[in-house]
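Chain and residue survey
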Amino acid sequence: MARGVKIACVVFLCSVCNTCVYSKVFSRSMHEISNIQKPSLNLYEQGILNRIKRAQNSNSSFTTDNVYNADNFHSQNSSVTTTEILLTESNEVYVHWSGLKNETVFVLTRQQRAGQVLSSTLWRSADAGATFTIVHFDQNILVNHLVTAPADRTKTVLSDLANRRLAVTSDSGATWSTVDIPFAPHRLLLHPRDAGLILGYDLRELKLYVSENFGRTWTLLQERVTERFFWAVPDVDLDMRTVHMEVQDPVGPVTYYACTVPTCEPLPINNTLGTIDFYSLVVEGDYIFVQKSTDDVTSFYVSYKRGPFRKAYLPTDMQALDYNVVESDDGQVFLAVDYEGGSANLYLSDITGQFFVLSQHNVVGLRYPGKFDVDLVQVEGLRGVYLVNKFEAPISDMALLSQRTYITHNKGGRWRLMDAPEETREQCAQPELCNLHLHLGFTNTYLSIPLVETTATAPGLLVAHGTTGAFLDIATSHVFVSRDAGLTWTPAPFHGNHFLSILDQGGVIAAISADSVPTNIVHISTSEGQTWVSQNFSETMLTVDGFVNEPGSRSLITSLFGHRSGAAGWSLMQLNYTALLERPCTEEDFELWTPKTSKQSSGQNCIMGESLEIERKKTTSNCYVGRDYLRKKSPKTCACAAEDFECDFGYEYGPDGTSCVASSWFNPDSLPEQICRHGKYNKSAGYRKVASSACSGGDVAAFLPVETDCPLLPPRGLLITTAKSCVQRGANVIFNLRQVSGSETETEYTWTFGSQVAPLKFRGLSEAASVTRAFSTAGRINVTVTAVNGKGRANATITITVEDEIRSILVEIPWGARTDTPSFFNVTVLGDDNHTDWNQENSLHFVWEFKNKVTGSIRQLTWQNVIQQQFQEPGQYTFTLNVYNSVSSVFYTQDMTVYDNAITVRIHFSEEINYYNSESLNIRQALAEILCHNLAQILGIRRTRIIMSVPPIQPAVGDITVLPPKSGNNEQETHQVVSSLLDQARQQFLAFPLFTRDDVVTIMDARILDLRTGSEAVATPPPEETTTPEKSLSSHVTHSLLAVYISVPVCLGALIAAAAMIIHYKRKLHSQKKYYPIVRHRSRIHHDSTCSCGEDDILGVEEIENDIVPDDDLQGLEPTLVILNEPVHSQNTNFIRNQRC
């Protein structure tokens, strides 16, 4: 586009909000469409298109004002009223017309770079675009999205991602209020019936919020939601406050979920699907669609009228890559399927959306990153009329040049080519292959050719670009008009690509050049394309980038926007065509028109079982229809005929093109999900009635099914489903069984559940279709069903994983740590009966986070219960841990301190310590607490200055970290405390009993531990320097005499002290070793094997049993240690509440 800018014309239509949604499996949501990349082409196709574009730019015949037919083209003085405004410089412009019979127009200009809005300005017009004013807000707002409520077009909301803010209006923009909200509004979805209800989605947090007062307050509705969420469908969902959504489990699988706002109470849906493919949910009309994939198979499932999900069947063995629900009105589903190799087919369903037949093969498809579409256009205002483009050549480099356009009048049951206009037949090289072919989508995208224009307020009126000949000439483009739903066409008297607009309910057609060539000409027809006039809409030339009408195409005003050569900013014009028309239309200005399926049809002309008489304006009446005109339609029911039937599932049209015969791959006696009642079933005659046909009666016996005895057929296609592939041990699990084909009543079904539960046998599928079982042992379990009858047997197996629920966790963390040295964090996970044996591979996930004001947040995901962390900066840190598996989760948080100058000492014990299992968490916790408590008393320091941990290694050792003193306190320095500890340990003065008075353990040695290398040193740490060298030297010179005076009494005192110590140790030799006291109450044992809690932390805790029980012997007992604070529970996640410490 000119100047390298991106233009998006956004029109929000009240009447079509529910029908214009891009509802594709794996498709992107509507608000993302403008950001999707163009589809990819192979190099050959791209080369063709590049040559075409160069040819178009150099061919003078593509100028906008060349006259095609001088007899029908007139130029006159302009009677088009125009008003122009100049918008501020920006690289994006969005034009938004509020709604039907609402003359409010919003224009959003904004500067955007790399997906970020840098600035934005909102302009408002209250007179259909004649004048504009800038909207000012009470707070700064950078507009990302603009949405109008379908239920009330006077209500509009703007979203600001950067500031987490909304701007809302309830009077078409006359007044605005801004609201700060608790999330980033990446997407807003307004309710179709209740204007106050809005869903807000935070893409980064995967959280869905709801507002019940039009955005003023918000409530969290659900977490872990993908972008696929939908409001209830009117007249289908029982509760209009229902929200359908995809919910993603913490470990990845996605499930379908439905609940009601605002509390998200789950609905009792019959969901036997289990997990589904990410981003595959589509809710449209009577249907809910999802996709399920395995390693080599992709399947499509559908729920009809909110019933159970059933597998959809398509008549092909080709591997599908993607599905696109094109349309689901009138009780049938148009489904486009993209296959490997670049081919795409169009299928049509029965009324349930489950059984599909081929409607058209090899259709032209558009493949975007994450999106798939096809060249299919519905003629608005008439049921069952569609246009499609298909490749006639096999999918290859030459397929691009083999496109043809087909039309159907019975919703894809039968297709035919369209006749070329008589005025153009002489241009066809092969008269027998002279047809009209249209640019429907593929070429519109790549060559920027405007799309087909059709509107429900002008039934049967089509304005499109196309060519005549054997195939679509993608190097050429011309405007054609049809006023009889594509039966006949008239060429417009000008060449090239044009922006097209239908106004006044079909009373006016306007066309302006879209070839990026400056122009001031608008071509106008007031006779539905039969005659045209050209008018000047401006005195100076303008490069037009597009225009937009009032929703419903009922007015005579359009908004045109573009830019002038060399001018800054955008030009926005209002074009008013009222002066072209002389008067309002009266009854004499209308005629009755009956749609036909062919030029040769006679008698009663029926389309979709109805004969319609539709009122339309005469081509000779120069009058305007007006906004309030209601077009008369008089339907008459037709007798059913062959046109009201299509081939049934498994059948296709035979050589004559009219009768249906069984496909080569299909066995008529083995229909999927065949229903036998009392030994009888309705066997298809090869036909089924078009679901949306309104016909009645008629001579149709040859098309109806025949009641037939049910044959005994071998069971085929068994499928076991369950809601989740990972389940909790002891919980009831519902398994469902489906059978694709074969006899059901006479078949015996046997369920087996590994070796845990006895097999179950049933007679008949109805009895075996659903069973409930619970599993007592964790692990992977194969659940199998075997079906046997007199004709054969079939098997199906599903593997489920049974996991224990996480009851609680025991966390070992250093309450203090040292910078630039590794610190270890260990967690023990407790399940039912306090077991710690989690032998399921990768069943536990650990999310660790360390947060500091200076360093920010550091997050890690591991599958191990131990992590090593090294801190670069001292200070306060918040440690958080989330432990989860597929069935449960626990969250824990704790503050800790990191120091610069702490010292760690490793102590070695006598061999008596080996009596205890130092790999047991309970033992290590008890040892750490006893040592911590006693050593604090021995060393004469606060308990909070010691961090004591016992690593899970043999032989047992203890690591004591001595922390610095508090500033201002008269406490020993760190090196003094460590020196005292080393001295007493080396002399083996430190001995104490552990859990009884007989198990005395002695500290045999203590050494400085280098946490970086793990090496131990015997040297005493040097004292910390508190003065500079210069200051020390000065003190020595100045006060040398004073030092002499002081040294004499000090030396005398030292001699006296030495004598006293000699006497003391002589007495000690004659006595037993002295033991330091132990902790008297085991209730003081902390939840951590690290000791650093102060006296307040260990008082007032309930008494616990006297015996320390090894971890392996905890079956059936309550934990012997106080564990964790009560975990913080995340919403919508099942947790077990732990004891408060």
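Residues numbered from 1 in each chain as written. Predicted model: local features only at pLDDT ≥ 70, side-chain atom pairs only at ≥ 80, totals over all residues. Heavy atoms only, no water.

Examining the pairing of strand S63 (residues 808-812)
By the criterion of burial, S63 is predominantly enclosed, with five of the five residues buried. What you see with S63 is no split at all: Ser808, Leu810 and Glu812 on one side and Ile809 and Val811 on the other are buried throughout. As paired elements, S63 and strand S65 (residues 822-830) share five bridges and run antiparallel to each other. Note that in S65 the partner of Leu810 across the bridge is Thr828. (Buried < 20%, exposed > 50% of the residue type's maximum accessible area, 1.4 Å probe, protein only. Helix = DSSP H or I, 4+ residues; strand = E, 2+ residues; numbered from the N terminus. Pairing = 2+ DSSP bridges.)

Section: the pairing of strand S75 (residues 1000-1009)
Here S75 lies mainly inside the structure; seven of its ten residues are buried. Here five bridges tie strand S71 (residues 903-909) to S75, and the two strands are oriented antiparallel to one another. Directly across from Ile907, in S75, lies its bridge partner Ala1006. Relative to S75, strand S74 (residues 991-993) runs antiparallel, the two sharing three bridges. Of the residues in S75, the one forming a bridge with Phe992 is Val1001. Bridging between S75 and strand S76 (residues 1016-1017) involves two bridges; their strand directions are antiparallel. Counted as the bridge partner of Ile1008 is Ala1017 from S76.

Let's talk about the packing of aromatic side chains
The tally for this structure, following the rule as stated, stands at 38 aromatic pairs. Summarising the aromatic geometry, the rings of Phe183 and Tyr209 are spaced 4.3 Å apart at their centres and angled 5° between planes, so their arrangement reads as stacked. With Phe183 in the loop between strand S10 (177-180) and strand S11 (187-190) and Tyr209 in strand S13 (residues 207-211), this pair connects stretches of sequence that are 26 residues apart. Classification of Phe183 as buried rests on a relative accessible area of 0%. Clustering of aromatic rings is evident, with ring pairs tying together Phe825, Phe846, Trp848, Phe850, Phe871, Tyr877, Phe879 and Tyr892. The ring of Phe214 has Lys155 lying over it, and the distance from NZ or CZ to the ring centre is 5.3 Å. We note Arg228 situated over the ring of Tyr279; from NZ or CZ to the ring centre the distance is 4.9 Å. (Phe/Tyr/Trp six-rings, centres within 6.5 Å; stacked < 30°, edge-to-face > 60°. Lys NZ or Arg CZ within 6 Å of the ring centre and 35° of its normal.)

Here's the deal with the sheet that holds strand S46 (residues 610-617)
Sheet strands pair via backbone hydrogen bonds, and the direction of the pair is either parallel or antiparallel. Strand order in the open sheet made by the three strands is S45-S46-S48, with antiparallel pairing throughout. One side of each edge strand has no neighbouring strand; the edge strands of this open sheet are strand S45 (590-593) and strand S48 (633-637). Between one strand and the next, the sheet's axes are offset by a mean angle of 15°, whatever the strand orientation. Alignment of S46 against S48, held across five bridges, turns out to be antiparallel. Its bridge partner lying in S48, Ser611 is registered against Lys636. (Axes fitted to C-alpha atoms, helices over the stretch in contact; angles between N-to-C directions.)

Quick word on the state of the cysteines
Under the criterion given, the structure shown has six disulfides. Between the sulfur of Cys585 and that of Cys623 lies a disulfide, 2.0 Å long from S to S. On the sign convention where negative is left-handed, the bridge of Cys585 and Cys623, at about 95° about the S-S bond, is right-handed. With a gap of 38 residues between them, Cys585 in the loop between strand S44 (583-584) and S45 and Cys623 in strand S47 (residues 623-624) connect regions that are remote in the sequence. (Disulfide = S-S within 2.5 Å.)

Some remarks on the confidence of the model for the protein
Scored by pLDDT, the protein comes out at a mean of 77, with 78% of its residues at no less than 70. Per-residue pLDDT stays below 50 along residues 1-77; that stretch engages in 188 contacts with residues further than four places along the chain or on separate chains. Confidence over residues 1062-1141 falls short of pLDDT 50; this stretch has 185 contacts with residues more than four positions distant or in other chains. (pLDDT = per-residue confidence, 0-100. Contact = heavy atoms within 4.5 Å.)

Thoughts on the sheet that holds strand S55 (residues 716-722)
Strand order across the open sheet formed by three strands is S55-S57-S60, with antiparallel pairing between neighbours. On the outer flanks of this sheet lie S55 and strand S60 (770-773), each paired with one strand and no other. For this sheet, the mean angle separating the axes of adjacent strands, direction not counted, is 25°. Relative to strand S57 (residues 733-741), S55 is paired through six bridges, and the arrangement is antiparallel. Looking at S57, one finds that Thr722 is bridged to Phe735.

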